[in-house]
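# Descriptive analysis of the structure
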Amino acid sequence: MEFTAIDYSIFALLLVLSSAIGLFYAFTGDRQRTVQEFLLANRDMGCLPVALSLLASFQSAVAILGVPAEIFRFGTEYWFLGCSYVLGLLIPAHIFIPVFYRLRITSTYEYLELRFNKTVRVFGTVTFIFQMVIYMGVVLYAPALALNAVTGFDLWSAVLTIGLVCTLYTTLGGLKAVIWTDVFQTLVMLAGQVAVIVVGAWRVGGMARVWRVAEQEGKISGIDLDPNPLERHTFWSLAVGGIFMMLSLYGVNQAQVQRYLSARSEREAKLSCYAVFPCQQIVLCLSCLTGLVMFVYDREHPLAPAQRPTSSDQLVLYFVMDVLKDLPGLPGLFVACLFSGALSTISSAFNSLATVTMEDLVRPHLPGLSESRATLLSKLLALGYGLLCLGMAYVSSMLGPVLQAAISIFGMVGGPLLGLFCLGMFFPCANPTGAVVGLLAGLAMAFWIGIGSFVNGAAVAKGTANSTALPPVGNLSAVLATTLLPTTPTPPSPTGLQRFYSLSYMWYSAHNSTTVILVGVLVSLLTGPTPAAALDPRTISPVVPRLLCCLPPKIRRWLCCGGADPAQAPAHVNGTEKSKGVPNGLAHPGPDRQEEEEGQGYVRNSCVPICSVQETSF
């Protein structure tokens, strides 16, 4: 299981081409001289590259290793996660994108200041930075560690090479380089997975035989309609719980929203959501088919007991190195596929962290910062986060068993942030106090369940809970935490508080975001809802009037700040009173001015009805 010169050459070619794309955009066009070009690709990207970039961020290296291992061990039930992709992408396209795009913001967390106040914005930003800093070191270190264990590929050579190359093209080429390298890396990932499936199926007699044997062995799962939320995988946890996980990624995550905002129009941003849907289904199918081919191949060509992997995250690499050992170059292609996943997710982390730090923490305190200095500082921030990533990879190597808890932190944070944005967009009554208290309550609940399940072992009480399944990158209690946990014997069923800790990880985002909303609304009503005159209608989702029309009039008045009922006769607010001076490129409307987003059909007078934003139908 050693690499040949051809394998090393293919791997090196991936790094060279990725760096070349970054250098190309660093020295062509406007040469990344403005903050808008560096952080938002000049808002001039088409829907296809944006869609492939969204997909690349979704398909992390750990997911490439983990999803086939899940299918290999537990069957195809995980495949039902694809059902959640429908609403998981339609909702962002028609609810979140219109709000973010029409506000012309750069950082997602600028929305929180426009909707609430600066304190909520800082809380959201700091939470996101903490989430991503923990994440980016682990997503670099984990696949390198698995690769080292299986192939002998030098661990720190891989970590340093990938980290430095990613830092280079992200710092020099900005978001445009990140998006186009994502496109290239997506193609490499698809090629690597297809090669493994084709060769593996050929060696065991074809895909039809793979499916027949898997069906005979009970690996083709039916629909499990058990509503028990403690069951790790059921149709409901995958298809419904998965929607919340998708929303935490594709709805409000800075790395993904930044790609929407780089599109040349709102229509292109929505089309990118539509375009990524079939791509995601293809990637999920490839990962699941890889797991089935692995299972059948292992039955016919079993490894010696001494050679069998000690951890589930090594299953795919052992299979790949065995099935491709007689075909020079293909092992290198799969390793390039694996590290393409790492490059795409890490570069997204660098760029999004530089964006939120610049827009949310630096610019508000340095309002007179010139464009050239702001651009230089953004590049230095990207460079700094790249070096920090290498440091976090080293820290990850020192954590040992605590690494699993550190990985889970990413997933613990995604749900509460989703709840915070939903609180602002869907509940006009929510005030800043409710938002902060709701976020803290959601984080406390998330850490309570996450750490409790880890400490008590209830997360693996069923033999599998929170252990190997890898949902998409949006909730990394799913994406990262799972592949590194070893299999353990099945202990007795949990009782008492341990049952609470045994909640399926697929419901984490739904549970934690709901906690934020319920606590936020309750605290807002107790402390006094947001006055109608203080509410910026641009920050409320276009579908709110339709949702509220189903409620009794008294409840509608409560949820709409005690103001007029949006389903009947909305109140009015002067648009000039709500401008908070956030540096997001929004013009300050005068008394006779109308704001119109070109090509969007969105018109706002200086006097504008509460919640009466143009509605976007599905």
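In this text the structure is predicted, and so the values were computed from the model without any measurement.

Attention shifts here to the overall build of the protein. On a plain count of helices and strands, the protein comes out with 23 helices and four strands. Long-range contacts, defined as pairs at least 24 residues apart, comprise 84% of the intrachain contacts of the protein with a sequence gap of at least 6. Here the protein has roughly 21,700 Å² of accessible surface; of this, 65% comes from carbon and sulfur atoms.

Bringing the layout of surface pockets into the picture now. A probe matching the size of a water molecule, rolled over the atoms, marks out where space remains unfilled. The space that makes up the largest pocket amounts to roughly 390 Å³. In this structure, the largest pocket is lined by 19 residues; those nearest its centre are I95, C422, F426, I517 and L547. For the lining of the largest pocket, the secondary-structure elements that each account for two or more residues are α5 (85–103), α11 (241–250), α17 (403–426), α21 (508–527) and α22 (544–548). Classifying every residue of the lining of the largest pocket by side-chain character gives 17 nonpolar, two polar and no charged.

What follows deals with the packing of aromatic side chains. Taken as a whole and judged by the stated rule, the model has 15 aromatic pairs. Taken together, a centroid distance of 6.0 Å and an interplanar angle of 75° make the contact between F80 and F235 edge-to-face. Taken together, the positions of F80 in the loop between α4 (61–74) and α5 and F235 in helix α10 (residues 235–239) put the pair 155 residues apart, joining distant regions of the chain. Accessibility assignment for this pair places F80 and F235 in one class, buried. Judged by centre distance (6.0 Å) and plane angle (45°), the ring pair of W156 and Y394 falls under tilted. Residue W156 is found in helix α8 (residues 155–203), and its partner Y394 is found in helix α16 (residues 371–399); the two are separated by 238 residues along the sequence. The class for W156 is partly exposed, based on a relative accessible area of 30%.

With respect to the helices, strands and loops of the structure, H511 is situated in helix α21. Using a relative accessible area of 24% as the deciding quantity, one classes H511 as partly exposed. Sequence-distant contacts of H511, that is, excluding residues within four places in its chain, are made with M445, I449, F500 and L503. A polar contact of 3.3 Å, which involves the side chain of H511, links it to the side chain of N512.

With that settled, the discussion passes to α4. Taking 1.5 Å of rise per residue, the 14 residues of α4 would be expected to cover 20 Å, and the 20 Å separating its terminal C-alpha atoms lies within 8% of that figure. Among the 14 residues that make up α4, 13 are buried, leaving the element largely enclosed by the rest of the structure. Within two residues after α4, G75 carries a phi angle of roughly 95°, on the positive side.

Membership of the largest hydrophobic core comes to 167 residues, with the highest contact counts inside it found for F96, F100, Y111, Y250 and F339. Of the residues forming this core, the biggest block, 17 residues, is contributed by α8. F96 has contacts with I91, L247, G251, V252, L418, C422 and M425, leaving out every residue within four places of it along the chain.

As a further point, take the environment of E70. Relative to the elements of secondary structure, E70 occurs in helix α4. The class of E70 is buried, set by a relative accessible area of 1%. A sequence separation of 222 residues divides E70 from L292, and the C-alpha atoms of the two residues are 9.9 Å apart. Within polar-contact distance, the side chain of E70 engages the side chain of R232 at 2.7 Å.

Take helix α1 (residues 5–26) next. End to end, α1 covers 31 Å across 22 residues, agreeing with the expected 32 Å (1.5 Å per residue, within 8%). Contact partners of the buried residues in α1: α8 and α15 (330–362).

Applying the stated criterion across every chain, the model contains six cavities of 30 Å³ or more. As a volume, the largest cavity reaches approximately 130 Å³. If you list the elements that add at least two residues to the lining of the largest cavity, you get α13 (266–300) and α14 (315–323). Looking at the lining of the largest cavity residue by residue, the class counts come to eight nonpolar, one polar and three charged.

Across the protein, pLDDT averages 78, with 79% of residues at or above 70. The least confident element of the protein, judged by mean pLDDT, is strand β4 (residues 607–609) at 36; the most confident is α21 at 93. In the predicted structure, residues 458–489 sits below a pLDDT of 50 and forms 131 contacts with residues beyond four places in sequence or in another chain. In the predicted structure, residues 562–618 sits below a pLDDT of 50 and forms 131 contacts with residues beyond four places in sequence or in another chain.

Here we come to the pattern of salt bridges. All chains considered together, the criterion is met by 14 salt bridges. Two residues, E70 and R232, come together in a salt bridge whose shortest N-O distance is 2.7 Å. In this pair, E70 sits in helix α4 while R232 sits in the loop between α9 (207–216) and α10, placing the two residues 162 residues apart along the sequence. An identical accessibility class is assigned to E70 and R232; each is buried. One network of salt bridges, with partners in common, ties together D44, R264 and E268.

In this structure, A41 takes a positive phi of about 55° despite not being glycine. With respect to the helices, strands and loops of the structure, A41 is situated in the loop between α2 (35–40) and α3 (47–58). Of note, R104 is a non-glycine position whose phi angle comes to about 55°, a positive value. Within the element layout of this structure, R104 appears in the loop between α5 and α6 (110–115).

Tracing the backbone through its elements, the reader meets I10 in helix α1. A residue is classified by how much of its surface remains accessible, and I10, at 28% relative accessible area, is partly exposed. Distance from I10 to G329, taken between C-alpha atoms, is 6.9 Å for residues 319 residues apart in sequence. Here I10 is in contact with G329, G332, L333 and A336, once residues within four sequence places are set aside.

Rules and cut-offs
Residues numbered from 1 in each chain as written. Predicted model: local features only at pLDDT ≥ 70, side-chain atom pairs only at ≥ 80, totals over all residues. Heavy atoms only, no water. Helix = DSSP H or I, 4+ residues; strand = E, 2+ residues; numbered from the N terminus. Contact = heavy atoms within 4.5 Å. Areas by Shrake-Rupley, 256 points an atom, 1.4 Å probe, with all protein chains shown as cover. 1 Å grid on protein atoms, 1.4 Å probe; cavity = no way out; pocket = protein on both sides within 12 Å on 5 of 7 lines; lining within 4 Å. Points joined across faces, edges and corners; volume = space filled by probe spheres on them. Nonpolar A, V, L, I, M, F, W, Y, C, P; charged D, E, K, R; others polar. Phe/Tyr/Trp six-rings, centres within 6.5 Å; stacked < 30°, edge-to-face > 60°. Buried < 20%, exposed > 50% of the residue type's maximum accessible area, 1.4 Å probe, protein only. Polar contact = N/O pair within 3.5 Å; in protein donor to acceptor, adjacent residues only side chain to side chain. Expected span 1.5 Å × (residues − 1). Core = buried A, V, L, I, M, F, W, Y, C linked by side-chain atoms within 4.5 Å. pLDDT = per-residue confidence, 0-100. Salt bridge = Lys/Arg side-chain N within 4 Å of Asp/Glu carboxyl O.

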